[in-house]
Amino acid sequence: MANQFLVKNTMADMRALSASEITALQNGSYDGVELLGYYENGDTAAPIIYYLAPVSPDPGADDGGRVIAVQSNKLIHEFVDQIDVRYFGVSTTITDNTVQLQKLVNVAIIKGLNVYFDGFYAIKNIQIDQANNIKFYSNNGGLYQYVAGRNFINLTNSSKVTFEGLKLKGFGQFEIPQGESGTYYHNVYISDCSEISFDRCEVFNAIRGGILSIRTNYLSVNNCRFYQNRSMFDLSFGYSITTTARSIGFTCTNSSFIGSNSYGIHCMGGGSNYIITGNRISDKSEYGIVFYHLGTDLDPLQVIDDIVISNNIVENISDGTGTDAKGMGIYLQTVEKVVVSDNIVRNTLIGRNKNTVNRQLSPAAISINGSREVTCTGNLVEKSTIDGIGVTNSVIGSRGTIIANNVVLGVEKTGISLYTVNNCSVQGNIIEGNGSNEAGIDIQSSSARRSSDINVSGNQIKSGFKNGINTFKSTGTGFDRIAITDNRISNCQLYYIYLSAINVLKCTGNTISNDTVTMVAGGSGIRVDANENLLVSDNVLIGSPTVKLKRGLQSSNNIFGKITDNIIRNIEDPTYRLYTTGESLDISNNLVE
């Protein structure tokens, strides 16, 4: 009679088929075996049917799920589209599901089947190799590492693999054996893959890092949560790769990275096409988002370029290493073609020594170090122990950088710092100090490199700074082609604008006002010293009737140029309303009252 099935409650029952039952299957009395559960009736998603497999071709070895050996015969169930892990004996009641799950994964790879996790299952680790176009997914289940060991989930030589809705919990606190590298103790280790995606996953409690990807193109992480990972990073693209490898295509959106490990998002080595947007990164001990160039500027394989970092919240980042070199919210080292826009970066560089500052390391909430063609715009930077936004080219020439329309509040040193910078525009920013700062905008050169081609225009620098816009040079160097135009600066303690040792200086259209701060002795609205080819014109310097500027426009030892058409009012020291010495300049049409 057709469509008659033997019914067995458990896998053990099916393996124990009698000789007569096997004969009935062989002669067609039964079409197959209906299995109601694996360890007990009803513990799988639904009953499934196994059929007697032909002798040739051999269906393969007993794998505990698809092929089951019964005496000298084999039963087979061909899964379609997906496998629920429970059909391979993976169970929440078992302390170690490693063997069963590995067999299932091997079948899924060969047959191109998706894998569904109904529960939260214990394993040692799992190897996913040469998978193509499959998905591992769950609604609230996943895997946890019940014993300490090397990488929890290993994904290698695969493409188009998706992880969706999974919880991936590492073993947690564990002391790595002496002599072993921590590089191999992550929750997910990905190498030599392409088109890998994580969506709505939780990655947590890793012995070291959350997800590490090397020699892999097109990694996508969206709507995920990373937390309680013990050290290193939550998510790394290209960590510790060789200088001959280059990774393309990294996207991370709408994910959270919470916990006191070293980095939230870490990108290293050569690569291009990075999009990091809509994430929240908090409580890191080294960096929030970090890009680190591994090779040299001359090595095209090691260029990191085409990067977008936007609409992220990065907060509570400290220098937990004790090296006084870290703690930046967003740190870009030797990268190119970058847009950093509309991020909120607050409470950074916690624990840094603000009394001794090495600006070669660009100690700022948003730190741009030795990079080219960076546009930093529309960001809110709040509460930095050192600087708000820092640009330095101490590694390679920093060219074509734009710092525009940012709001910088409550920094303890400098709002925007430019250290040995070339071809940089700082425009339309609002900068406000907290009363103990150095400068709103500070431009420096070192003994090894001059700063040049810098345009500072349309910025608002409010109270709380010692100096508004300041230049500082090391011995034997200076600046070339600096323009300070159309800025509004109020309530500084010493110099509103101090410019020195510049070849080709333009200082025009700036408005300087004071109504609350009693300036220190010798302070000036504008002071220009030892410059060449300068134009200082159309500036307005006004103290209030009750809180006057100490000095107005003070000029000394400049060579060639003009000081014209400036308005200077309410200056405390009449000798220094408009004061020049040691020079012969065109000084005309200034209104001094």
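The coordinates are above.
Here the structure is a predicted model, which means the values were calculated and not measured.

(A) How the structure looks around the overall build of the chain. A tally of regular secondary structure across the chain gives three helices and 59 strands. In terms of overall dimensions, the chain is more spread out than a globule: its C-alpha atoms have a radius of gyration of 33 Å, far above the 25 Å expected for 593 residues. Taken over the C-alpha atoms alone, the chain extends approximately 120 × 45 × 45 Å along its principal axes. The buried share among the 593 residues of the chain stands at 57%. Contacts in the chain between residues far apart in sequence, at least 24 positions, make up 70% of those at least 6 positions apart. Per element, the accessible surface of the chain, about 22500 Å² overall, is 46% carbon and sulfur. Between the mean site of the 46 positive side-chain charges and the mean site of the 54 negative ones, the chain shows a separation of 5 Å.

(B) Molecular detail of the nonpolar core. With 127 residues, the main nonpolar core has Leu 101, Phe 136, Phe 163, Phe 198, Phe 250, Phe 291 and Leu 332 as its most contacted residues. Leave out the neighbours within four places in its chain, and Phe 163 touches Ile 128, Phe 136, Leu 155, Ile 196, Ser 197, Phe 198, Asp 199 and Cys 201. Counting ten residues, the second largest nonpolar core, distinct from the first, contains Met 232, Phe 233, Tyr 263 and Met 328.

(C) Quick peek at the pairing of strand S37 (residues 401-404). Two strands pair when backbone bridges link them, and strand S34 (residues 372-377) and S37 are joined in this way by three bridges, in the parallel orientation. Note that in S37 the partner of Thr 375 across the bridge is Ile 402.

(D) Region of interest: the side chain of Ser 236. Looking at where Ser 236 falls in the secondary structure, it is placed in strand S21 (residues 233-237). Polar contacts involving the side chain of Ser 236 include one to the side chain of His 266, which spans 3.1 Å. When sequence neighbours within four positions are dropped, the list of residues in contact with Ser 236 reads Ile 211, Leu 212, Ser 213 and His 266.

(E) Broad picture of the environment of Asn 140. If you trace the backbone, Asn 140 turns up in the loop between strand S10 (132-138) and strand S11 (142-145). By relative accessible area, which is 54% here, Asn 140 ends up exposed. Taking the C-alpha atoms as reference points, Asn 140 and Leu 166, 26 residues apart in sequence, are found 6.5 Å from one another. A polar atom in the side chain of Asn 140 sits 3.4 Å from the side chain of Lys 167.

(F) Structural detail: helix H2 (residues 19-26). Within H2, the full set of buried residues consists of Glu 21, Ile 22, Ala 24 and Leu 25. Buried residues of H2, seen end-on, are gathered within an arc of 155 degrees and therefore sit on one face of the element. Relative to its buried face, H2 has exposed residues pointing more than 90 degrees away, namely Ala 19 and Ser 20. If you follow the buried residues of H2, they end up packed against strand S1 (5-8), strand S2 (32-35), strand S3 (48-52), strand S4 (67-70) and strand S5 (73-76). Gly 28 occupies a position one or two residues after H2 and carries a positive phi of about 85 degrees.

(G) Molecular detail of the packing of aromatic side chains. This model, assessed by the stated rule, comprises 22 aromatic pairs. Here Phe 79 and Phe 88 contribute two aromatic rings whose centre-to-centre distance is 6.0 Å and whose plane-to-plane angle is 35 degrees, an arrangement assigned as tilted. Each member of the pair, Phe 79 as well as Phe 88, carries the same accessibility label: buried. Plain terms: the ring middles of Tyr 287 and Tyr 331 are 5.1 Å apart, the flat faces sit at 10 degrees to each other, and that makes the pair stacked. You can see Tyr 287 sitting in strand S27 (residues 287-292) and its partner Tyr 331 sitting in strand S30 (residues 328-333), a full 44 residues away along the chain. Note on accessibility: Tyr 287 and Tyr 331 belong to one class, buried.

(H) Structural context of the sheet that holds S3. As summarised here, the arrangement of the five strands in space is S1-S2-S3-S5-S4, forming an open sheet in which the pairing is mixed. Each edge of the open sheet is held by one strand with a lone partner, namely S1 and S4. Averaged over neighbouring strand pairs, the angle between their axes works out to 30 degrees when direction is ignored. Two elements, S2 and S3, share three bridges in a ladder whose sense is antiparallel. Its bridge partner lying in S3, Leu 35 is registered against Ile 48.

(I) Here's a closer look at the pattern of salt bridges. Scanning the model with the defined rule gives 24 salt bridges in all. Ionic pairing is found between Asp 480 and Arg 450, a salt bridge with its closest N-O pair at 3.0 Å. Of the two residues, Asp 480 is situated in strand S46 (residues 479-485) and Arg 450 in the loop between strand S42 (439-445) and strand S43 (451-457); the sequence distance between them amounts to 30 residues. Asp 480 sits in the buried class, given a relative accessible area of 15%. Taking the relative accessible area as the measure of exposure, Arg 450 reaches 34% and is therefore partly exposed. One salt-bridge network, held together by shared partners, links Arg 359, Asp 387, Lys 413 and Glu 438.

(J) Geometry of the pairing of strand S19 (residues 217-222). When strand S16 (residues 194-199) meets S19, the two strands line up parallel, connected through five bridges. Across the sheet, the residue bridging to Ser 194 is Asn 217, located in S19. Pairing geometry for S19 and strand S22 (residues 246-253), over four bridges, is parallel. Its bridge partner lying in S22, Ser 220 is registered against Thr 251.

How each quantity is defined
- Residues numbered from 1 in each chain as written.
- Predicted model: local features only at pLDDT ≥ 70, side-chain atom pairs only at ≥ 80, totals over all residues.
- Heavy atoms only, no water.
- Helix = DSSP H or I, 4+ residues; strand = E, 2+ residues; numbered from the N terminus.
- Rg over C-alpha atoms; globule rule 2.2 N^0.38 Å.
- Buried < 20%, exposed > 50% of the residue type's maximum accessible area, 1.4 Å probe, protein only.
- Contact = heavy atoms within 4.5 Å.
- Areas by Shrake-Rupley, 256 points an atom, 1.4 Å probe, with all protein chains shown as cover.
- Lys, Arg positive; Asp, Glu negative; His and termini not counted.
- Charge placed at Lys NZ, Arg CZ, Asp CG, Glu CD.
- Core = buried A, V, L, I, M, F, W, Y, C linked by side-chain atoms within 4.5 Å.
- Pairing = 2+ DSSP bridges.
- Polar contact = N/O pair within 3.5 Å; in protein donor to acceptor, adjacent residues only side chain to side chain.
- Arc of directions from axis to C-beta.
- Phe/Tyr/Trp six-rings, centres within 6.5 Å; stacked < 30°, edge-to-face > 60°.
- Axes fitted to C-alpha atoms, helices over the stretch in contact; angles between N-to-C directions.
- Salt bridge = Lys/Arg side-chain N within 4 Å of Asp/Glu carboxyl O.

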